Amino acid sequence: MAEPDVQTRTRSSVITARAAATFDPEGRSVAAARAFVRDTLQGWGCSDVVDDAVVLTSELVTNAVIHAGTAADVRCLRTEQGVRVEVADRYPEREVPVQATGHAIGNLDSEHGRGLLLCAALASRWGVEYTPSYKQVWFQLDMPERPVGTRSAGPLLPTALLPTADDRVRVAVVQVDESAIVEGWNEDAEALFGYTAEQTVGKPLSDLAAWPHTPGTSMGIVEALRLSRWEGSYGIRNADGRVIPVYASHLRVRDTQGEPSTVCLLVRDYERAVIQTPPRQAAKEASGENRTADPFEVFIGSPAPDDLDGLLQRTVERSRDMLEGDAAFLLLATDDETELEVRATTGLPSARQRFARVPVEAGAGRYGSARLPAVHDDLAALPGAVPLLTGTGMRSVVTVPLKVEGRLTGSLGVAAEAPGRYSNEQALRLQFAADRIALAVESARLGELERLRRGSLSFLVEASDLLAGTLDHNQTLALMSQMTVPTLATWCAVYTIADTSSEPELSFVLHEDEDRIDGLKALLSKISPPEPLPTPGARLWTAPADAAHQSALRTSMRELTTGSSAAGSGVGPSLATAAAVGGETVVLPLVARNRVIGMLTLGKPSDDHFRQEILELAEDLSRRAALALDNARLYSERTAISQSLQRSLLPPELPVIPGVEVEVIYRAAGEGNEVGGDFYDLFPIKDGVYGFAIGDVCGTGPEAAAVTGLARHALRLLAREGLGGPAVLERLNAAILDEGARSRFLTLLYGELRPQEDGSALLNVVCAGHPLPLRLRQDGSVDPAAEPQTLLGVMDDLDLYEQTVTLDPGDVLLCVTDGVTERREGTRMLGDDGLAEVLATCTGLTAGAVAARILRAVERFAAAPASDDMAILALRVPEPQA
């Protein structure tokens, strides 16, 4: 492909890296192109634009390899501004819809133009380029701007005004795991507090901390360590038992395996300037007058968190501190405005409350109770007034709405353990703060939704490819589960329904912790499956959580009653299973072709809830999975029917013929075919007489197999009526011609075998248009054992005759179909002479060994798989035992 000048395309941008690949015009190339772009951009450190680049590449490569039917050339270029991806195909005359031509690209259901629509929606810049030999679509994704350089600076101060510190400033670095257990303790920490690392590692940090010292701090140190960031002062008890005031900065991080921990930097309290975040100074106008401070910055502080979760967590912490409360919470409205979703809490069991949804009243007064500030002096007098605080011990609460342009977007509340703590004046103070941050919260929320939408689109594209790549029923079930766990849920179970009269059956269970799968499967097997309702969307299912809790309770009571260790051994697994399924569980119907074919069940661990966006994504996935599962079911059923019918066309077990060795090898061409146009048979006619046949119907596949069945059954019936070989074939010829348009011509070798008392075998054979049988003598000579005659299914009147052949001890009669003799490699063909040469090397071999050697010779003759049906029948008269 001729490539345009790179410098011209990028408008003189400096290219710092590039990568290119070509993908063949086949379906799996789309997934390969996505993987190539994802790996390339992540390797360049451009993770911010990976999702958009993968989605756009998927659409453009699909257009090239599927719709245009050509190879796709994909090139990635990294510049100072961002990344540019180019997708070219070899079909330049294909019409490209663009806005200027009047073609609409806004129809999402259209198969054409969708890639350009996504380019217009997601890319910073994009375009289409043509040459006489190729068409190229490119898009540019700019990297988001990030602040660099100086974050803060102070004025030049006289030495006397600088903060006082010891001769050597020591910064203790303490790292604690998710349970607040110390797992890191540096030398400065040992010098400051007198404990060695061996004395502290493995112990809770709360054993050393004298908490709290920071004014207004009502939480414990364990709760503070779980926050994404915390800064303040408290005390550490040193080895002598004295409390050393320290100033600390906590930052919560996660390691490469995703495990969270908290890094704590601690200095002596009077050296706090070393790690303390400098306060934001009010900016000044050029004239020297002070500007009015930004109310948002005044409330949130600086720097403001750049992510939604960080902003919400900072908001509830500042709200709680401002009103000196014991807890605070913030709820955001869901997209359909029917529920409020808990997004941040402090002082409450956040793991239990996060993403919990609180319904709001319907009708004209929707959100009526949340549109104005509200103060509850005593929640004990009005149970359920604030559902979020039920069972938390909070007595008084003040709540205010978050509004943007008059539209309610959320609710902010502060609660206290004592009644009567809040007044209307405090409610107005909290409302003032909520007004300051409402717009920033809504902007961050919309940004998060946009990222989720893009991630969801990429997820569904990948899921559709995976589900479309298999027609195996069990593999489809496994893929469904693996796509949902742990991306959408902690565990999942798939129920399938065979037909309208069948009950749902538990078909697959998966948990993100493999050790929990068996317990979860046992639990679900004991409870009734969810009702198979066709109603779209997710619905709650409480049965698993109830059953798990009851099982754990019974096990615990049994242990307390018996007091035996054997009874107590089941408590651990029972409690673990109860915790695994104790959260929210939802059921999504799997509907395909207007029938419920199963249910997809998703679950969370104890006290956890699903986000609305996750449920919507799961609903989209369930629709795709249902169709894939039903396609796999239909394919499996039809394959089973086809194989059953085909097996009925094969002869039963071959009879044992006294004094004669028999071996048959049969291969049908085509995937999933057990029977084709070639066939064989060996059957007893009467005492001491056996019929054998090998034939080839014109063509392959089911149509040829139908004539195969007719021929094989007719031969048996006619031969047992006492008719000779020519008469049998003449009547079979008439039966084939009676089929009319469905008839197909047939080559057939038919014979009757009579073992003799002297150890030889007498054969009467008729060769109707079939490859001639070959006789191998003991001396290694090979010669035809019959003469060619007219094939069947072409003419009404046939003049057939039979020939007599005697097989002496040690002789072999080899009968094959033309799939053997017409085996090709380029212009070469095995042929009758090649077959005779192979047979000549089989002197002294058994019938099974002869057939196996012939098959190996056929397979090795050409590298490509055989494209024609093949049958090999070997008859051998063994030599007498000495």
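Residues numbered from 1 in each chain as written. Predicted model: local features only at pLDDT ≥ 70, side-chain atom pairs only at ≥ 80, totals over all residues. Heavy atoms only, no water.

**Student:** What exactly am I supposed to notice about the sheet that holds strand S23 (residues 661-667) here?
**Tutor:** By way of backbone hydrogen bonds, the strands of a sheet pair with one another, either parallel or antiparallel. The five strands are arranged S23-S34-S31-S28-S29 in an open sheet whose pairing can be described as antiparallel. A strand with exactly one partner marks an edge of an open sheet, and here the two such strands are S23 and strand S29 (782-784). Ignoring which end each strand starts from, the neighbouring axes of this sheet average 20° apart. Two elements, strand S28 (residues 774-776) and S29, share three bridges in a ladder whose sense is antiparallel. Considered in S29, the bridge of Leu776 is made with Val782. Against the sheet, helix H21 (residues 831-840) touches S28, S29 and strand S31 (812-816), its axis set at about 20° to S28. Relative to the sheet, helix H22 (residues 847-861) contacts S23, S31 and strand S34 (870-876), its axis offset from that of S23 by approximately 25°. (Pairing = 2+ DSSP bridges. Helix = DSSP H or I, 4+ residues; strand = E, 2+ residues; numbered from the N terminus. Axes fitted to C-alpha atoms, helices over the stretch in contact; angles between N-to-C directions. Contact = heavy atoms within 4.5 Å.)

**Student:** Explain the packing of helix H2 (residues 28-43) against helix H11 (residues 424-468) to me, please; I cannot follow it from the model alone.
**Tutor:** When two helices pack together, their arrangement is given by the angle between the helix axes and the distance between those axes. Running from amino to carboxyl end, H2 crosses H11 at an angle of 140°, the nearest separation of the two axes being 10 Å. Taken together, H2 and H11 sit at an angle that is classed as oblique. Seen along the crossing, H2 lies across H11 with a hand that is left-handed. Where H2 abuts H11, its residues Val30, Ala31, Arg34 and Arg38 lie against Ser458, Val461, Glu462 and Asp465. Here the residues of the contact of H2 with H11 sort into three nonpolar, one polar and four charged. (Parallel < 35°, antiparallel > 145°, perpendicular 65-115°, else oblique. Left-handed = near helix turned anticlockwise from the far one by under 90°. Nonpolar A, V, L, I, M, F, W, Y, C, P; charged D, E, K, R; others polar.)

**Student:** Is there a simple way to explain a negative patch on the surface in this structure?
**Tutor:** A surface patch of like charges, here negative, comprises Glu178, Glu183, Asp255 and Glu259. By the element assignment, Asp255 lies in the loop between strand S10 (243-254) and strand S11 (260-268). Under the relative-accessibility criterion, Asp255 is labelled partly exposed at 36%. (Patch = residues over 30% accessible without salt bridge, like charges linked within 9 Å, V, L, I, M, F, W, Y side chains within 5 Å. Areas by Shrake-Rupley, 256 points an atom, 1.4 Å probe, with all protein chains shown as cover. Salt bridge = Lys/Arg side-chain N within 4 Å of Asp/Glu carboxyl O. Lys, Arg positive; Asp, Glu negative; His and termini not counted. Charge placed at Lys NZ, Arg CZ, Asp CG, Glu CD. Buried < 20%, exposed > 50% of the residue type's maximum accessible area, 1.4 Å probe, protein only.)

**Student:** Just to check I follow, could you spell out the sheet that holds strand S25 (residues 689-697) for this structure?
**Tutor:** Pairing in this open sheet of five strands is antiparallel, and the strands run S24-S25-S26-S27-S30 from one edge to the other. Two strands bound the open sheet, and with one partner strand each, they are strand S24 (678-686) and strand S30 (803-807). Across the sheet, the mean angle from the axis of one strand to that of its neighbour is 20°, orientation sign disregarded. Sheet analysis places S25 next to strand S26 (residues 746-755), joined by eight bridges and oriented antiparallel. Opposite Tyr690, over in S26, you have Leu753 as the bridge partner. In this fold helix H19 (residues 725-737) packs onto S26 and strand S27 (761-768), with an angle of close to 150° to the strand it touches most, S26.

**Student:** Is there a simple way to explain the side chain of Arg445 in this structure?
**Tutor:** Within the secondary structure, Arg445 is located in helix H11. The class of Arg445 is buried, set by a relative accessible area of 9%. A polar contact of 3.0 Å, which involves the side chain of Arg445, links it to the side chain of Glu442. (Polar contact = N/O pair within 3.5 Å; in protein donor to acceptor, adjacent residues only side chain to side chain.)

**Student:** When you look at the pairing of S34 in this model, what are you seeing that I'm missing?
**Tutor:** Remember that side chains alternate between the two faces of the sheet whenever the strand is regular. With seven of seven residues buried, S34 is to be regarded as a mostly interior element. The alternating pattern of S34 places Met870, Ile872, Ala874 and Arg876 on one face and Ala871, Leu873 and Leu875 on the opposite face, and all of these are buried. When S31 meets S34, the two strands line up antiparallel, connected through five bridges. Bridge pairing in S34 links Cys815 to Leu873.

**Student:** How should the environment of Val30 be read in this particular structure?
**Tutor:** Take Val30: it is sitting in helix H2. Counting along the chain gives 34 residues from Val30 to Ala64, while the straight-line C-alpha distance between them is 9.5 Å. If sequence neighbours within four positions are ignored, Val30 has contacts with Ser58, Val61, Thr62, Val65 and Asp465.

**Student:** Which parts of the structure should I look at to understand a nonpolar patch on the surface?
**Tutor:** On the surface, a nonpolar cluster with roughly 290 Å² of combined accessible area is contributed by Leu157, Leu161 and Leu162. With respect to the helices and strands, the residue Leu157 is situated in the loop between strand S5 (135-142) and strand S6 (172-177). Residue class for Leu157 comes out partly exposed when judged on its relative accessible area of 42%.

**Student:** Help me understand the pattern of salt bridges in this model?
**Tutor:** Pairing between side chains of opposite charge can happen when their charged atoms approach one another. Taken as a whole and assessed by the stated rule, the structure comprises 26 salt bridges. Notably, a salt bridge pairs Arg170 with Asp188, separated by 3.2 Å at the nearest N-O pair. One end of the pair, Arg170, is in the loop between S5 and S6; the other, Asp188, is in helix H5 (residues 187-193), with 18 residues separating them in the sequence. Since its relative accessible area comes to 23%, Arg170 is described here as partly exposed. The salt bridge partner of Asp681 is Arg712, with a shortest N-O separation of 3.7 Å. Of this pair, Asp681 sits in strand S24 while Arg712 sits in helix H18 (residues 701-719), placing them 31 residues apart in sequence.

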